[in-house]
Amino acid sequence: MLNVLLVDDDSEFSDVVCHIVEFLGHNINTAANLAEAEQWFENNTFDHVFLDFMLPDGSGLHLLEHLKAIGQSPRVTLISGHPSVKGKLAEMCEPNVGHLVKPLQREDIERVLNPKKATPKKKSTPAIKRHFGTLIGESEVMQKLYTMIERVAATSANVMLMGESGAGKEVVAQAIHNATECDGPLVATNCGAFSKELIGSELFGHEKGAFTGAIARKEGVFEQAAGGTLFLDEVTEMPIDMQPNLLRVLESKKVTRVGGTKEQAVNCRVISATNRTLTDLAQNNVIREDIYFRLAVFPIDIPPLRERKEDIPLLANAFLEQLNEENGTDFKWQTAQIKELEAHDWPGNVRELRHAIHRAFIMSDPKGTAITLPESLESPFSKVNKESQANQVVAGQTIEEVEKELIHATLDKVQGNKTIAAQMLGISTKTLYNRLNAYGGIGDYK
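Residues numbered from 1 in each chain as written. Predicted model: local features only at pLDDT ≥ 70, side-chain atom pairs only at ≥ 80, totals over all residues. Heavy atoms only, no water.

It is the contact of helix H13 (residues 312-327) with helix H15 (residues 349-363), at a shortest axis distance of 10 Å, that shows an interaxial angle of 45 degrees. In terms of orientation, H13 and H15 fall into the oblique class. In this structure, H13 crosses over H15, and the sense of that crossing is right-handed. Across the interface between the two elements, Leu 315, Ala 316, Phe 319, Leu 320, Gln 322, Leu 323, Asn 324 and Asn 327 from H13 touch Val 350, Leu 353, Arg 354, Ile 357, His 358 and Phe 361 from H15. Classifying every residue of the contact of H13 with H15 by side-chain character gives nine nonpolar, four polar and one charged. (Axes fitted to C-alpha atoms, helices over the stretch in contact; angles between N-to-C directions. Helix = DSSP H or I, 4+ residues; strand = E, 2+ residues; numbered from the N terminus. Parallel < 35°, antiparallel > 145°, perpendicular 65-115°, else oblique. Left-handed = near helix turned anticlockwise from the far one by under 90°. Contact = heavy atoms within 4.5 Å. Nonpolar A, V, L, I, M, F, W, Y, C, P; charged D, E, K, R; others polar.)

Our focus in this paragraph is the sheet that holds strand S1 (residues 3-7). With respect to topology, five strands assemble into an open sheet ordered S2-S1-S3-S6-S7, the strand pairing being parallel. In this open sheet, the two edge strands, each paired with only one partner strand, are strand S2 (27-31) and strand S7 (97-101). Across the sheet, the axes of successive neighbouring strands diverge by a mean angle of 20 degrees, strand direction being ignored. In the sheet, S1 pairs with S2 via five bridges, with the strands oriented parallel. Pairing of Val 4 across the sheet is with Ile 28, part of S2. Sheet strands touched by helix H1 (residues 11-23): S1, S2 and strand S6 (75-80). Its angle to S2, the strand with the most contacts, is close to 165 degrees. Along the sheet, helix H3 (residues 61-70) contacts S1, strand S3 (48-52) and S6; its crossing angle with S6, the most-contacted strand, is approximately 165 degrees. (Pairing = 2+ DSSP bridges.)

This next bit is on the environment of Phe 132. Looking at where Phe 132 falls in the secondary structure, it is placed in the loop between helix H5 (106-113) and helix H6 (140-153). Given the relative accessible area of 17%, Phe 132 is considered buried. Remark: the alpha-carbon pair of Phe 132 and Tyr 146, spanning 14 residues in sequence, is separated by 8.6 Å. Every residue in contact with Phe 132, bar those within four places of it in the chain, is listed here: Tyr 146, Ile 149, Glu 150, Ala 175, Asn 178 and Ala 179. (Buried < 20%, exposed > 50% of the residue type's maximum accessible area, 1.4 Å probe, protein only.)

Under the defined criterion, the tally for this structure stands at six aromatic pairs. Aromatic side chains Trp 40 and Phe 46 sit 6.2 Å apart centroid to centroid with 80 degrees between the ring planes, which places their arrangement in the edge-to-face category. The partly exposed category is assigned to Trp 40, whose relative accessible area is 27%. Note on Phe 46: relative accessible area 7%, which makes it buried. Among the aromatic residues, those joined into a cluster by ring pairs are Trp 40, Phe 41 and Phe 46. (Phe/Tyr/Trp six-rings, centres within 6.5 Å; stacked < 30°, edge-to-face > 60°.)

Okay, unusual backbone geometry next. Residue Trp 346 is not a glycine yet carries a positive backbone phi of 50 degrees. Note that Trp 346 resides in the loop between helix H14 (335-343) and H15. Even without being glycine, Asn 349 reaches a positive phi, approximately 65 degrees. Mapped onto the fold, Asn 349 is located in helix H15. According to the relative accessible area criterion, Asn 349 is buried, its value standing at 0%.

Parts of the model with low pLDDT should not have their predicted coordinates read in detail. Predicted confidence across the protein chain gives a mean pLDDT of 84, with 87% of residues reaching 70 or more. Contacts from residues 84-88, a stretch scored under 50 in pLDDT, to residues over four places away or in other chains number nine contacts. (pLDDT = per-residue confidence, 0-100.)

Let's shift gears to a negative patch on the surface. Where like charges cluster on the molecular surface, the negative patch consists of Asp 9, Asp 10, Glu 12, Asp 15 and Asp 183. Secondary-structure assignment places Glu 12 in helix H1. (Patch = residues over 30% accessible without salt bridge, like charges linked within 9 Å, V, L, I, M, F, W, Y side chains within 5 Å. Areas by Shrake-Rupley, 256 points an atom, 1.4 Å probe, with all protein chains shown as cover. Salt bridge = Lys/Arg side-chain N within 4 Å of Asp/Glu carboxyl O. Lys, Arg positive; Asp, Glu negative; His and termini not counted. Charge placed at Lys NZ, Arg CZ, Asp CG, Glu CD.)

With that settled, consider the pattern of salt bridges. In total, this model carries 14 salt bridges according to the counting rule given. The partner of Glu 223 in a salt bridge is Arg 257, with the nearest N and O atoms 2.9 Å apart. Here Glu 223, found in helix H9 (residues 221-224), pairs with Arg 257, found in the loop between strand S13 (254-256) and strand S14 (263-265); they are 34 residues apart in sequence, far enough to count as distant. Across the pair Asp 330 and Lys 332 runs a salt bridge, and its minimum N-O distance is 2.7 Å.

The next subject is H1. In a regular helix each residue adds 1.5 Å, so 13 residues correspond to 18 Å; H1 covers 18 Å between its end C-alpha atoms and thus fits that length. Turning to H1, the residues buried within the fold contact S1, S2, S6 and H5. N-cap assignment for H1: the residue whose side-chain oxygen lies 3.1 Å from the backbone N of Glu 12 is Asp 10. Of the residues trailing H1, Gly 25 is marked for its positive phi of about 95 degrees. (Expected span 1.5 Å × (residues − 1). Polar contact = N/O pair within 3.5 Å; in protein donor to acceptor, adjacent residues only side chain to side chain.)

As a further point, take the environment of Arg 217. By the secondary structure assignment, Arg 217 is in the loop between strand S10 (205-206) and strand S11 (218-219). Note on Arg 217: relative accessible area 53%, which makes it exposed. It is 9.8 Å that separates the C-alpha atoms of Arg 217 and Gly 259, two residues lying 42 residues apart in sequence. Non-local contacts of Arg 217, meaning those with residues more than four positions away in its chain, are made with His 206, Glu 207, Lys 208 and Arg 257.

When you line up the elements, Leu 2 lands in the segment before S1. With 44 residues separating them in the primary sequence, Leu 2 and Phe 46 have C-alpha atoms 7.6 Å apart. The residues contacting Leu 2, other than those within four sequence positions of it, are His 26, Asn 27, Asp 47 and Leu 113.

Written out as structure tokens, the structure is:
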């Protein structure tokens, strides 16, 4: 039985850790700051100290200096809420000081308190490296993404994430938050999920009685994210007439709750996301220009999975490993199956890959270890996504090339009916025939 001291000012976190330590059969006491911790050491000795790096009255490193001064040398595990700090702590401290990142799991605590008894987690594949705690991939495009995350994490700049559906925009937002040294939470909301009447309340909060159903005061997501990160997903789906209110908050860093008159200061980084392209944003007037420049101080493009196919084996192993751990199974990939996954274009990106692997997992014989891939990896949305990607205009194309692609795409959509295609294109049937003759493609559409 060990005597343990936990030094942390988060009471909820302390309650959880105390419960785990006591469950493991050890005694534990708590201190909320350095002063209380030093008082504990006046008349007590401890075998192990869990020490928060950032405390209300100073750095946890000051307690290490105090312990040296009084001649006590318990084992110490420094804890931090930020993965990016872990490496820095290792450089600053002696080798016998351990380091963990919040939130702590029971296995983490058991490993440092009972290293001989701790049971390692079952692993069906080698450990997968997760950058910033969330991102998987070692391709060149992902390495560039990691560099951008590191650069922007050192600032307070607002970030706009742009990428196709399923590419992992929310995971990147979590990575930026993890890499940022801040004390507040990551709060996420989908701007397309609320009606015009309710989105103001979601963003800015409301006072009691502000509208029918407002039975109590509510903080909006800007206030909830104080000191941390606010993730506005699908920000371009926000009603255009609500955007001036958002601009006012971004400029003044103050919100006024719906039905209220008093301004509330807000201090959070805003990360927004959209699956629209810059051309789409400019041409379709879905976001005001002044809002865009406030939100996209640092824009980041998320690469689609087809541009980093070398990461597919890592992702496939990680997803299968998680399913194995959750279900107590030991399925393994065959080399041919990984090659089949790599050969697919994944128009739904990482989300589609994960869905296909989960589907394969469910269909596999739980008594064996062989995973069974479906006969076809195509999802109901694959064809639609592929057509959408194929019909995108690429910078540098000639007018003739764009026109030819548009005509052929329209004819494909109406199964080659030139009369209907001409109507959809706003030209005469004769003009359509002339264009097809010029492009040498009339023979494809009889």
